[in-house]
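# Fold and geometry: a report
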Amino acid sequence: MTDNISASDAPAGRKLILTNIITGFLGVGKTTAITHLLNSKPVDEVWSVLVNEFGEIGIDGALLKNTNAHVREVPGGCICCVAGLPMKIALNMLIAKTRPDRIIIEPTGLGHPEEIINTLTGEYYDTVLDLRATITLVDPRKLAESRYADNANFKDQIAVADVLVANKADLCSPVDRANFDDLVAGFSPPKHAAFAVQQGQLELGWLDYPRRTHVLNNPEHHSAQRNRLNPQRELYNAAIQLPDGQDYLRRENQGQGYYSCGWLFQPAIQFDFNQIFGWMTGLNLVRAKAVMNTDQGVYMFNAENGVLSVKPLMLGGEQDGEPELLDSRIELINDDVMATDELEAALFGCRLTIED
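A brief look at the structure comes next. Predicted model only: the values in this text are computed from it and were never measured.

### Details of the environment of I135
The topology assignment puts I135 in strand β5 (residues 129-138). On the basis of relative accessibility, which here comes to 0%, the residue I135 falls in the buried class. For I135 and T23, which are 112 residues apart along the polypeptide, the C-alpha to C-alpha distance reads 6.3 Å. Ignoring sequence-local partners within four residues, the contact set of I135 consists of I21, I22, T23, V163, V165, L202, W206 and L207.

Here it is in structure tokens:
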């Protein structure tokens with residue numbers, strides 16, 4: 001049964017819940033940026049995070065559960081689709097369960113933040129939430145690539161930004177930085193602010209810039225694409241789990257010219273770290289993310305267009321009534337059809353034998 005929240009549920013004089021959207025295209029570093037904010041937040045405040053991923057197997061939620069915040073996921077497409085129902089269910093449950101001081105919403109990199117903004121400022125939520133700045137992260141290196149610069153979602157994510165942030169600035173050339181500066185200078189009225197950071201190091205004060213109304217370049221794009229995603233799941237599934245007696249499951253999704261395939265493995269299965277590292281290094285895909293139990297510990301693998309980064313994860317105890325990470329999960333995203341059976345065979349070749 002869904003928990004419902006309304007202004008009448010709160011005591012008189014209760015403050016609205018501060019809320020921010022942090023958006024950006026695939027691989028720009030949204031989860032890293034949110035993790036940095038959560039590690040910097042005031043210790044006496046309760047923060048909650050609503051995460052949406054294009055893939056069916058949630059990765060970002062698993063990563064964020066390692067932080068001091070409450071996390072809820074809406075996997076399998078754009079949370080603003082299906083009349084916003086998946087988002088509303090998840091958001092209502094998050095508010096009822098955690099009573100947060102601030103909510104951070106991370107849409108999928110293929111999402112439409114304008115639709116989310118319309119929901120959060122519409123009837124019902126306007127008496128519960130105080131929607132502040134939308135922060136859009138941009139990788140300046142991508143501005144010269146037509147598949148990003150000409151993408152309608154990419155353009156709309158930039159258009160709705162109140163604050164634009166050039167992430168991965170340490171990897172950018174002077175030309176990349178100049179392209180970002182030209183982008184910022186081209187807006188009229190101008191954005192509230194624009195910054196350049198490394199490794200998603202957003203400052204807390206940026207969250208409290210006021211929200212503006214923006215004009216989109218492609219207002220018809222989302223209505224034309226609505227419900228084009230084809231998730232193989234129930235309408236809302238916050239915690240995908242393996243059926244009893246099953247070692248793994250595979251889920252696929254497609255929409256807006258992109259394809260995803262993900263796997264979830266039961267906790268008794270370990271993977272050879274070196275083999276997983278080698279396999280993911282060789283993947284020629286737009287995006288690959290994984291949280292894997294390996295013979296060297298639990299690691300996060302993060303690949304974008306063939307560039308792989310790896311870091312260990314320190315698992316905590318139970319949070320939000322949910323257990324610590326006890327499975328392996330991986331999600332692949334590409335802008336062309338993937339040979340999923342071949343990819344699965346290669347992935348399975350990285351498994352270690354389960355000991356009795």
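Next comes the rest of the account.
### Some remarks on the pattern of salt bridges
If the charged atoms of two oppositely charged side chains come close together, the side chains can form a pair. According to the stated counting rule, one finds 8 salt bridges in the structure shown. The salt bridge partner of D335 is R147, with a shortest N-O separation of 2.8 Å. In this pair, D335 sits in the loop between β13 (328-334) and α10 (340-348) while R147 sits in helix α5 (residues 146-149), placing the two residues 188 residues apart along the sequence. Residue classification places D335 among the partly exposed residues on the basis of a relative accessible area of 32%. For E252, the salt bridge goes to R250, with nearest N and O atoms at 2.9 Å. On the accessibility criterion, E252 (33% relative accessible area) is partly exposed. Residues participating in the shared-partner salt-bridge network are R102, D130, R132 and D208.

Quick notes on the rules
- Residues numbered from 1 in each chain as written.
- Predicted model: local features only at pLDDT ≥ 70, side-chain atom pairs only at ≥ 80, totals over all residues.
- Heavy atoms only, no water.
- Helix = DSSP H or I, 4+ residues; strand = E, 2+ residues; numbered from the N terminus.
- Buried < 20%, exposed > 50% of the residue type's maximum accessible area, 1.4 Å probe, protein only.
- Contact = heavy atoms within 4.5 Å.
- Salt bridge = Lys/Arg side-chain N within 4 Å of Asp/Glu carboxyl O.

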